[in-house]
Amino acid sequence: CIRDRRDTAHSVGCSTIRVTVQQNAMKDDTIDDIISKIDGKNVMLHISFECIGGSTYQWQNYFFGKQATRSRIEEHWRSFVLAVRKMMRVEKHARSVGAHVTLELNEFCAYWRLKVVAELIELLGVYYAGKVDGCRQGLCSIRSSTWGMPCLKTYRMVSTSLHVIEQLTVAVSYTHLTLPT
């Protein structure tokens, strides 16, 4: 894990612990390392899963693709379920020491409908929900014809912290480039 200091008005006195692809959160050693760094109320565990196998385009790929394509998508689903099960261990510890937890996924990701995600959310106990616009987090187009235009890609979040949801779900009112989900 990487200890990272990024103070904002809301994070003074808190540490960010980033887990990157290089650390591989699927390994038990990495999970143990994450748990060892979650030590109290000044911690926010933010879980952001990729929606590779659950995006809306994957349904087209699954039904119209070849068996190799379907097998690859099914492998993404299995990997996602395994990742959620690993994060349940981390989330249980975080809640036991009073840390807040936030879960984020693309709004239209099919993974939201999985039983394992419902179980993960149930572990949160009392939680708040909201939608976050990617543009608000700096998501912009990289295509030359629309360079820099804010992208409207919506994420759904659940959190034990009402403050987090309120800060991230403020509506914006300008023209967006709509991205496929």
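Please refer to the structure placed before this passage.
What counts, and where the lines are drawn
Residues numbered from 1 in each chain as written. Predicted model: local features only at pLDDT ≥ 70, side-chain atom pairs only at ≥ 80, totals over all residues. Heavy atoms only, no water. Helix = DSSP H or I, 4+ residues; strand = E, 2+ residues; numbered from the N terminus. Buried < 20%, exposed > 50% of the residue type's maximum accessible area, 1.4 Å probe, protein only. Contact = heavy atoms within 4.5 Å. Axes fitted to C-alpha atoms, helices over the stretch in contact; angles between N-to-C directions. Parallel < 35°, antiparallel > 145°, perpendicular 65-115°, else oblique. Left-handed = near helix turned anticlockwise from the far one by under 90°. Nonpolar A, V, L, I, M, F, W, Y, C, P; charged D, E, K, R; others polar. Pairing = 2+ DSSP bridges. Core = buried A, V, L, I, M, F, W, Y, C linked by side-chain atoms within 4.5 Å.

Draft legend 1. Broad picture of the environment of glycine 65. Along the chain, glycine 65 falls in the loop between α2 (56–64) and α3 (67–96). A relative accessible area of 22% means that glycine 65 is categorised as partly exposed. In contact with glycine 65, not counting residues within four places along its chain, are Gln60 and Arg70.

Draft legend 2. Here's a closer look at the packing of α2 against α3. Remark: α2 packs on α3, axes separated minimally by 8 Å, with the N-to-C direction vectors making an angle of 135°. Our classification of the angle between α2 and α3 gives oblique. Crossing geometry of α2 relative to α3 is assigned as left-handed. Residue-level contacts link Gln58, Trp59, Asn61, Tyr62 and Phe63 of α2 to Thr69, Arg70, Ile73, Glu74 and Trp77 of α3. Among the residues forming the contact of α2 with α3, the class breakdown is 5 nonpolar, 3 polar and 2 charged.

Draft legend 3. Quick look at the pairing of strand β3 (residues 44–48). Only one face of β3 is buried: it carries Leu45 and Ile47, and the other face, with Met44, His46 and Ser48, is open. Where β3 meets strand β4 (residues 100–106), 5 bridges bridge the pair, whose relative direction is parallel. Considered in β4, the bridge of serine 48 is made with glutamate 104.

Draft legend 4. Up close: the nonpolar core. Among the nonpolar cores identified, the biggest contains 30 residues, and Ile38, Phe49, Phe80, Val90, Leu103, Leu105 and Val117 are the most heavily contacted of them. Within the residue set of this core, elements represented by two or more residues are α1 (28–37), β3, α3, β4 and α4 (115–124). Top contributing element to this core by residue count: α3, with 7 residues. With sequence-adjacent residues up to four places away left out, valine 117 is seen in contact with Phe80, Leu103, Tyr111 and Trp112.

Draft legend 5. Spotlight on the packing of α1 against α3. Where α1 contacts α3, the two axes come as close as 10 Å, and the packing angle between them is 15°. By the angle class used here, α1 and α3 are roughly parallel. When the axes of α1 and α3 are compared, the crossing they make is right-handed. Judged by residue contacts, Asp28, Ile31, Asp32, Ile34 and Ile35 of α1 engage Lys86, Met87, Arg89, Val90 and His93 from α3.

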